[in-house]
Amino acid sequence: MCVNNLKGLKMSSRMSGGLVKDEEEEEEEEEEGKSLNPTEVKMSQIVMPCHSNHRQELSVGQLLKWMDSTACLSAERHAGSPCVTASMDDIHFEQTISVGQVVNIKAKVNRAFNTSMEVGIQVSCEDLFTDRHWRVCHAYATFVTQRTNTGKKMILKPIVPQTQKEQVEYSVAAERRRVRMVHDDIIRDLLSHGSIQQVNSAVDNAVAAEKTKVESVELVLPPHANHQVNTFGGQIMAWMVNVATIAASRLCQAHPTLRTIDMFTFRGPSQVGDNLLLRSIVNNAFKNSMEVGVRAEAYQEEGPNRHINSAFMTFEVLDDHRKPCMLPWLRPEPLEGERRFQEAIARKKIRLDRKYIISRKQGEVPLSVPWDPRNQSPSRPGFPGCSGAAGGAGEATATWLAPASGDWLTTSAKDLPSMVSIASILVYLSYNNVSALKMLTARNNWRLSTEKDKVRLYTLEEKSMLSFRVESEVDVPAQRAFCLLAELSDRPSWDKHYQKCELIHRVDDDDFLYHVVTPSVHRGAVGSPTSVSQAEGILQDFILLASKRKPCSSGDPYVIALRSVSLPTHPPTKEYNRGEVLCAGFTILETKNNMSLISYYNQASPEVLPYISTDIAGLSSSFYHTFCSCSQYLTQNRVQFASEEQTE
């Protein structure tokens, strides 16, 4: 992936990724109550003193065992055969659970691929005396079935989503799988392209990393095994949390709290009778958090050690007011220790990136998230070995457009996510782009506003957001329509709203950056070049990230997602009013007789709304003419494509 021309990429990040309970989630719960998912498994456990730590709070290791057990039962219910944990995505523990409270765990299969399946896990807590409920964490685990006696992998039956929420999870599961597959590549890319920061070992009171080393051996007994006589994945995770907690305690000389476990993969099985060797060490200490690395190996009396799993865990130390305390400096070991030190910085940058881009509610972040090379402060100001903006006078700042007021706001760099490698950013922005469109398409309360000659205009009104969908069937194969519509540079030939569309950069085979110019539709006083209100005669422009996806399995549509980004190489100018596209794009679904159902979606921002307001009110049919022009463009190029094939 080329990164030379993309320094400072930033994106409109308003995708809903959290699970905070609101009116929308309550509607989903009512929906789920009407349609029970056959793979859903629920577990409720009351927290006893034997499950707790020194604070009389449920230990994370015990919680992981319950989560893994519940998810495994869900996977096996769908597969109809024994399953094992292959991997677990990032887990962020938002709340703690006390002795006497009830843990409620719900797991269900979101999507089954050929031989693997994604299981979604939600954990909540219940106080029996106050009837309060709150979310603790959510996670996604990947399970695979055991091979048959002949050594073949079992092909899983597909999941059929029944509710709107299940449809969203089903669609976005393909994007999460895509991110998992490139996770290791992102780390390698960041380390190879990022600046290697020198470790400052001159701090007098730094704690030597060797002091935090922990090594422990566990004998795998029958109670530690599952019904397949393999070591229970949740048990391995619990042992790993135990040694990681000891390592963290040795650095801070206090009782740490586990906040995050990074994505990890089980590399191989362990059986009853194995000795499980667990090693942990603090890799890096930041201002208020530390990363601990853990490695698990299995061995028997004869034979080499087998690498079972490696994980990276983030700990904090909380004061009496539950606020994070400042941690001691860490002095890493030479060579290997310094490598782990640098990799911990890379993982922290990616962790912040994932959290800021993927895991935020739509209304919680600015319309444009700045990505500035100056904002490289993954830890504390002046942290040894880390470049970053210092606090106080002269600190770095960034500016964005507030979606509610249209005002341009300024904040300090310390309140923004870290700058990560461009490859890392684009992976998550592409995920954000496609997932946002898939979430929009999965909504089930679209209302038909206008129809003319089988071209239909639908609207969706939710809170302060208005979205629209235009769709019609065309006599063009889905794959050909996908190829034609994905060429955004050709759109001005059939869409009058696109006066100009220039390809800025081809990121990879699936992601492209475009500069789009559209006509002005408002009359108003001339303001600043980036004002939301448009001036008479001034054209609008957009910087768009176009992400295209082919179907992951039969029945999936082709997807072309569009979302605004900002590039330092293409700043707003006086020549144009800079607009923002929140969420837009095409889905192309193959229908009978080699035809396609083309649907265009747009979550209308203030810059887009004037184009379609008269259509929604029934005062215009411009949407119809535009779609007819699109259909004609597809049909003409289909004929040309067919004639070229015959010539060849």
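Note that this is a predicted model, so its numbers are computed, not measured. (Residues numbered from 1 in each chain as written. Predicted model: local features only at pLDDT ≥ 70, side-chain atom pairs only at ≥ 80, totals over all residues. Heavy atoms only, no water.)

### Describing the overall build of the protein
Let me state the cut-off plainly: Helix and strand assignments come from DSSP, with helices taken as H or I runs of at least 4 residues and strands as E runs of at least 2, each series counted from the N terminus. Here, two residues are considered to be in contact whenever any of their heavy atoms come within 4.5 Å of each other. Exposure was quantified through the Shrake-Rupley algorithm and a 1.4 Å probe, taking into account, for residues, occlusion by the shown protein chains and nothing else.
Helix and strand content of the protein: ten helices and 27 strands. Of all intrachain contacts in the protein linking residues separated by at least 6 positions in sequence, the fraction that spans at least 24 positions is 72%. With an accessible surface of roughly 29,200 Å², the protein has 50% of that area assigned to carbon and sulfur atoms.

### Let's talk about unusual backbone geometry
A negative phi angle is the norm for most residues apart from glycine, just as the trans form is the norm for most peptide bonds. Of note in the backbone geometry, valine 229 takes a positive phi value of approximately 65 degrees without being a glycine. When you line up the elements, valine 229 lands in the loop between β9 (214-219) and α5 (233-252).

### Quick notes on the pairing of strand β22 (residues 511-518)
Stated formally: With a 1.4 Å probe rolled over the protein chains alone, any residue whose accessible area is under 20% of its type maximum counts as buried; one over 50% counts as exposed, and the rest are partly exposed. Only strands that DSSP links by at least two bridges are regarded as paired with each other.
Taking burial as the measure, the eight residues of β22 include eight buried ones, the bulk of the element. The two faces of β22 match: Asp511, Leu513, His515 and Val517 on one face and Phe512, Tyr514, Val516 and Thr518 on the other face are all buried. Examined bridge by bridge, strand β21 (residues 500-506) and β22 share six bridges and lie antiparallel to one another. Note on β22: the bridge partner recorded for histidine 505 is leucine 513. Here β21 folds back onto β22, and the loop between the two strands holds four residues. Note: β22 against strand β23 (residues 539-549), eight bridges, orientation antiparallel. Bridge pairing links valine 516 to phenylalanine 542 in β23.

### Topic: the sheet that holds strand β12 (residues 275-285)
Operational definition: Helix axes are fitted only over the stretch in contact, all axes being lines through C-alpha atoms; the angle between N-to-C directions runs from 0 to 180 degrees.
As summarised here, the arrangement of the six strands in space is β4-β10-β14-β13-β12-β9, forming an open sheet in which the pairing is antiparallel. Among the strands making up the open sheet, the edge pair consists of β4 (91-92) and β9. Sheet topology note: the β12/strand β13 (residues 290-299) ladder contains ten bridges and is antiparallel. Bridge pairing in β13 links alanine 285 to methionine 290. Strands in contact with α5 are β9, β10 (257-261), β12, β13 and β14 (306-316); relative to β12, the strand with the most contacts, it is inclined by about 40 degrees.

### A word on empty space enclosed by the protein
If you roll a probe as big as a water molecule over the atoms, it shows you where there is empty space left. The line we're drawing: Each cavity reported here is a set of points on a 1 Å grid over the protein atoms alone in which a 1.4 Å probe fits but cannot get out, each pocket an open set with protein on both sides within 12 Å along at least five of seven lines, and each lining residue one with an atom within 4 Å of a point. Grid points are joined across faces, edges and corners, and a volume is the space filled by probe spheres set on the points. Under the convention adopted here, Pro, Cys and the residues Ala, Val, Leu, Ile, Met, Phe, Trp and Tyr are nonpolar, Asp, Glu, Lys and Arg are charged, and Gly plus all remaining residues are polar.
Counted under the stated rule, the structure contains five cavities of 30 Å³ or more. Together, 13 residues line the second largest cavity, and Asn110, Gly120, Ile121, Gln122 and Glu169 are the ones closest to its centre. Elements supplying a minimum of two residues to the lining of the second largest cavity: β5 (102-112), β6 (116-127), β7 (132-145) and α3 (164-181). Per-element accounting of the lining of the second largest cavity gives the leading share, four residues, to β5. Of the residues belonging to the lining of the second largest cavity, the class tally is five nonpolar, four polar and four charged.

### Some points on the layout of surface pockets
Roughly 1,300 Å³ of internal volume is contained in the second largest pocket. Taken together, 43 residues line the second largest pocket, and the ones lying closest to its centre are Asp184, Met263, Arg267, Ser310 and Phe312. Considering each element in turn, the lining of the second largest pocket owes the most residues, eight residues, to helix α6 (residues 336-357). Its residues assigned to classes, the lining of the second largest pocket comprises 13 nonpolar, ten polar and 20 charged.

### Points about the side chain of histidine 515
Rule in force here: Any N or O atom pair separated by 3.5 Å or less is treated as a polar contact, with the protein-specific requirement of one donor-capable and one acceptor-capable atom, and with residues adjacent in sequence counted only for side-chain atom pairs.
With respect to the helices, strands and loops of the structure, histidine 515 is situated in strand β22. For histidine 515, the side chain forms a polar contact with the side chain of aspartate 541, separated by 3.0 Å. Contacts of histidine 515, omitting those with residues within four sequence positions, involve Lys500, Cys501, Glu502, Ile504, Asp541, Phe542, Ile543 and Tyr576.

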